[in-house]
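A closer look at the structure
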Amino acid sequence: MASEQTTESSSLSRRPSILVADDEPRLLKTLADLLRSRGFEVSEAHGGRQACEQLHRQAFDLALLDLNMPELDGFQVMAETGRLQPDCGVIVVSGESSFSTVSRALRRGALDYIRKPFDPEELLATVEGVLGKQSLIRAHEMVQSRLEKSEALHRYIVNSSPDIVFMLDETGHICFINNKVESLLGYQPSELCGQHFRHILDDRDVARGTYAMQGPNISADNPRVLEVRLKTRGSRKATRHFEITAFPVDPQTWPQTGKTQGGCTGQPARYYGIARDVTERKEAEAFINFQAYHDLLTRLPNRALFKDRLELAITHARRSQQKLAVMFLDLDRFKVVNDTLGHAMGDRLLQAVTHRLEKCLRRGDTLSRFGGDEFTLLLPSIHGNDDARNIARKLINALKAPFQLGDHEVFVGVSIGISVFPEAGETMDLLIQNADIAMYHVKARGKDGYRFYSDSMSINTANRLSLERDLRLALERNELRVFYQPQVCSRSNRVVGLEALVRWQHPERGLLYPGDFLPLAEETRLVGKLSEQVIDQACRDVGRWISSGHSDLRLAVNLSPSQVEHPRFVETLMNRVAAHNFPADNLEIEITENVIMNDLEQISRKLKELAATGVRIAIDDFGTGYSSLNYLHRLPIHTLKVDQSFVKAIRSGEDGACIVNAIIAMAHGLKLEIVAEGVETDDQLAYLKSLGCHQVQGFFYGPARPAADITRLLAKDGLAFAYTG
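The residue numbering used here restarts from 1 in each chain and proceeds along that chain's sequence as written. Local features are withheld for residues below a pLDDT of 70 in this predicted model, meaning they are given only at 70 or higher, and side-chain atom pairs are given and counted only at 80 or more; totals for whole chains, interfaces and linings count all residues. To obtain the side-chain values, all non-hydrogen atoms of the structure were used and water was disregarded.

**A closer look at the sheet that holds strand β13 (residues 374-382)**
- If you trace the five strands from one edge of the open sheet to the other, you get β12-β13-β11-β16-β17, paired in mixed fashion. Whereas interior strands pair on both sides, the edge strands pair on one side only; in this sheet they are β12 (366-371) and β17 (450-452). When strand polarity is set aside, the average angle formed by the axes of neighbouring strands in this sheet is 20°.
- Only strands joined by at least two bridges in the DSSP assignment are considered to pair. Secondary structure is summarised from DSSP: a helix means a run of H or I of at least four residues, a strand means a run of E of at least two, and numbering begins at the N terminus for each. Relative to strand β16 (residues 413-421), strand β11 (residues 323-332) is paired through nine bridges, and the arrangement is antiparallel. Bridged to Val326 within β16 is Ser419.
- Contacts are assigned to residue pairs that have any heavy atoms within 4.5 Å of one another. Only the stretch in contact is used when fitting a helix axis, every axis being a line fitted to C-alpha atoms; angles between N-to-C directions are given from 0 to 180 degrees. Running at roughly 165° to β16, helix α15 (residues 385-398) makes contact with β11, β13, β16 and β17 of the sheet.

In C-alpha cells:
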C-alpha cells in the first residue's frame, strides 16, 4: 500500500511531459515556448516521423499533434501513440475544421480538438484540463484495483464525474444514478431510482430512446451511442441535450451479489453508461447554422436561404402549374437617414421596417434582407398579379407612417419591382434580376411605388456593364463636356442666363446626351461625381464670363434627387462654389417638385440655407409633378420653369395653352420669375410674350452649345443667335 501511495504521489508531483509535433517550424516553436512558459517539459518533433522516433525513446503524458504532416500524418502518429504509449493522451491542433476530420480524430482517440489559429489561453486551459482528466483517469485505474476494499472511494469518483453515470436493469428501470443528475437536471438520485429511464426523456425522444436500448448488437465493443433531450425537473419545456453511451453488464466479468446489485434497488444491473451534457455544443451548432442562413441584424433569412427557398418554390410551382412572385424592395431615403443620424440609428430603422413589413405577409411567404437597404420577398402559390399587387400596396402603406428613432421622426418609402413566374422568368436568377430591373423603373419614375416586370423593360446586360465601365473611365479621363443653353429675355433678345447641360464625348460612340447615361449614373451612384465635374467646369466658364463684363449673367444647374437628399448637400455645393470664387448671387439651382415633396421638412431647411447665401431656387418641369401649390409660399422659390410639354401645346387659337396661362398668372401673383422651356416657334414666343413671360429658352434661339460658342455669342454684347430651323 505504501509503495502504491509513493508511486501515485511521485507521478502527480512531477512536471508533465508533453510531445509537440508539427511540420511548420515557426508554429512548432511558438507552441513549445507557450507550454514551457507554464512549466511543462516539452519535446519538439518536426513532422510525424520525428514524433514516432521520440515515442520510442521517451514516455509522455500528452501529445499535441498536427494532422497534415509529410511522411507520417497525425492519424498515423496517433495510431503509433496508442500502440506504444496507450496512457499518453492526444490533443489535435490543426487547421482542418471539417466535421468529418474532427469526428475522425475524436473517434481515433483524440481527447480534444483545437483549431488553428488557436487562442493561447484557450489552448493552455485545454491542455491543463486534459492533463487533469488524465490524472483522474490514472487515479481511477489505481483505485479500481482496490475497489472491493473501498466502496466509498468508488462512489466518490462516480459522483465527482462531470457526467451523469447510471445503471439500468433489464426492463430499463434505473437502479443507480450518480449525484451529477441533481446539478444538471435538478433531480435527487433517490427520486429516479426505480423509475423507468423514459421518465426523464423529452417526449419527442421517448420512442427513439426506448428503441435504442432494446436494439440488438449492444456489446462492450459496440456500445449504444445516441443523442437525446432530457427534461429538467419541474418543466417539460426546459430540456438539455445529452450524448448517452450505454454498455451491457457482463455477469461473468462482474458477478453481482446482494451488495453490488446496483446501489439503490434490488434488481441486478444489465446496462451501465454515462450521459454527457452537450447542450452548449448543440446551441453553438444551431447558432452557427442560424448565422449561415440569416441576417443577424433583422433576423430575416439572408440571400443564401432566400435563394434556396425560391428554388424549391419554383420546382413546386412548375410541378403544380402554379404562379409565384418575387419582389425586390429598395428603401427610399434610407441613405439620408443613415448618413444624417449615423449607422446605429440606421440599424434601428432597418429593424423597425422589418417589423412592419412582416405584418403584411401571408403564412409561407419569405421576406429576406438581400443586403444594405434592399429586401426580397417570395410569394409562393399566387393566383395572379392581383395577389402580388395587393401585397405590394400593403407594404407601401405600412411604411407611410413616420418612424420614431429616439428624438427623431423620420420618413422612408419603398420602391418595389415584381416579377411573376413563369411570365417574367423561369429560373431563380432571372426572376430576381427582372424584379430588380422593375424596381429601378419605379425609382426612375419618382420612387415609392411598384411595377411589374415586362419585356419592354428588358435591357442588354452586357451593353449596360460596358457602359457602366466606360462611364467610370469617363470620370477619370475628363470625357464629360458642359454645354450651355441660353435663357433669353424675349423683349431685349439678350442672354440673361445659361443652363449647364452635360454631354459625354464617348471615344467610340461619339457625343452622348444625358438620356443615354444619366439614369445609369443615378443607378450606380456615380451621379454625385458626375455633377461635381459639371459644377466645377460651369463655375470656371461662367465665372470667366462674369469677370469679363457680364456681371448679371445667371448660371442654372439642374441637380439630381440623390444629390439634394444627401445630408451634406448644402455644405458640399457651397464649398465647390467658394473654391472657384463664383458669386453665389449668380447661381440658380433647379430641382423638381417630386424632390421637394419626398421630404418637405428636410428639403425646406436646405433650401432656406442656400437662399440665405444668395443662391436662387428654381422649380424645374413645373406642373408635371405633385403640383401641391402649398409649398410655393413656404419655400424660398424664385423661379418657375414651364415644362416644354405645356409649351408645345400652344397653338394659335387653340385651348391647349390654358395650363400655360394658369402657371404664368400664378407666378405673377406670387411675384415669381418664370422661364418657358422648349420654345421653338414664332407663335409660341409671341403667345408667351403676350402673357408676360419674358424669359425663354429652346431651339428658337438654338440648341445647347459648347463654351467656345457662348464666348463668341457674349462677345456680340449678349445678343442671342437666331433660330436656324
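Moving on from the model shown.
**Comments concerning the sheet that holds strand β4 (residues 89-94)**
- Reading across from one edge, β2-β1-β3-β4-β5 is the order of the five strands in this open sheet, with parallel pairing throughout. Both edges of this open sheet fall to β2 (41-46) and β5 (112-115), since each of them pairs with a single strand only. Neighbour-to-neighbour, the strand axes of the sheet open up by a mean angle of 20°, direction not taken into account.
- Bridge analysis of strand β1 (residues 17-22) against β2 gives six bridges, and the strand direction is parallel. From the neighbouring strand, Ser17 faces β2, where its bridge partner is Glu41.
- Against the sheet, helix α2 (residues 25-36) makes contact with β1, β2 and β3 (62-65), and its axis sits at roughly 175° relative to β2, the strand it touches most.

**Section: the nonpolar core**
- What we call a nonpolar core is a set of buried Ala, Val, Leu, Ile, Met, Phe, Trp, Tyr and Cys residues that are connected through their side-chain atoms within 4.5 Å. Any residue under 20% of the maximum accessible area for its type is buried, any over 50% is exposed, and the rest in between are partly exposed; the area is computed with a 1.4 Å probe on protein chains only. Tyr484 and Ile589 are the most contacted members of the largest nonpolar core, which has 79 residues in total.
- Per-element accounting of this core gives the leading share, nine residues, to helix α19 (residues 527-547).
- Apart from the residues lying within four places of it in its own chain, the contact partners of Ile589 are Val557, Leu559, Phe569, Leu573, Leu607, Leu610, Val615, Arg616, Ile617 and Ala618.
- If you look at the next biggest cluster of nonpolar residues, it comprises 34 residues, including Leu349, Ala388, Ile396 and Phe452.

**Focus: the pattern of salt bridges**
- The working definition used for a salt bridge is a side-chain nitrogen of Lys or Arg within 4 Å of a carboxyl oxygen of Asp or Glu. Summed over the entire model, instances satisfying the criterion amount to 32 salt bridges.
- Ionic pairing is found between Arg36 and Asp33, a salt bridge with its closest N-O pair at 3.5 Å. Here Asp33 and Arg36 lie together in helix α2, a separation of three residues that amounts to about one turn.
- Owing to a relative accessible area of 35%, Arg36 belongs among the partly exposed residues under this scheme.
- When the shortest N-O distance is used, the salt bridge between Glu532 and Arg576 registers 3.8 Å. Note that Glu532 is positioned in helix α19 and Arg576 in helix α21 (residues 569-579), a separation of 44 residues in sequence.
- Its relative accessible area of 30% is what places Glu532 among the partly exposed residues.
- Because the salt bridges share partners, they merge into one network encompassing Lys29, Asp33, Arg36 and Glu44.

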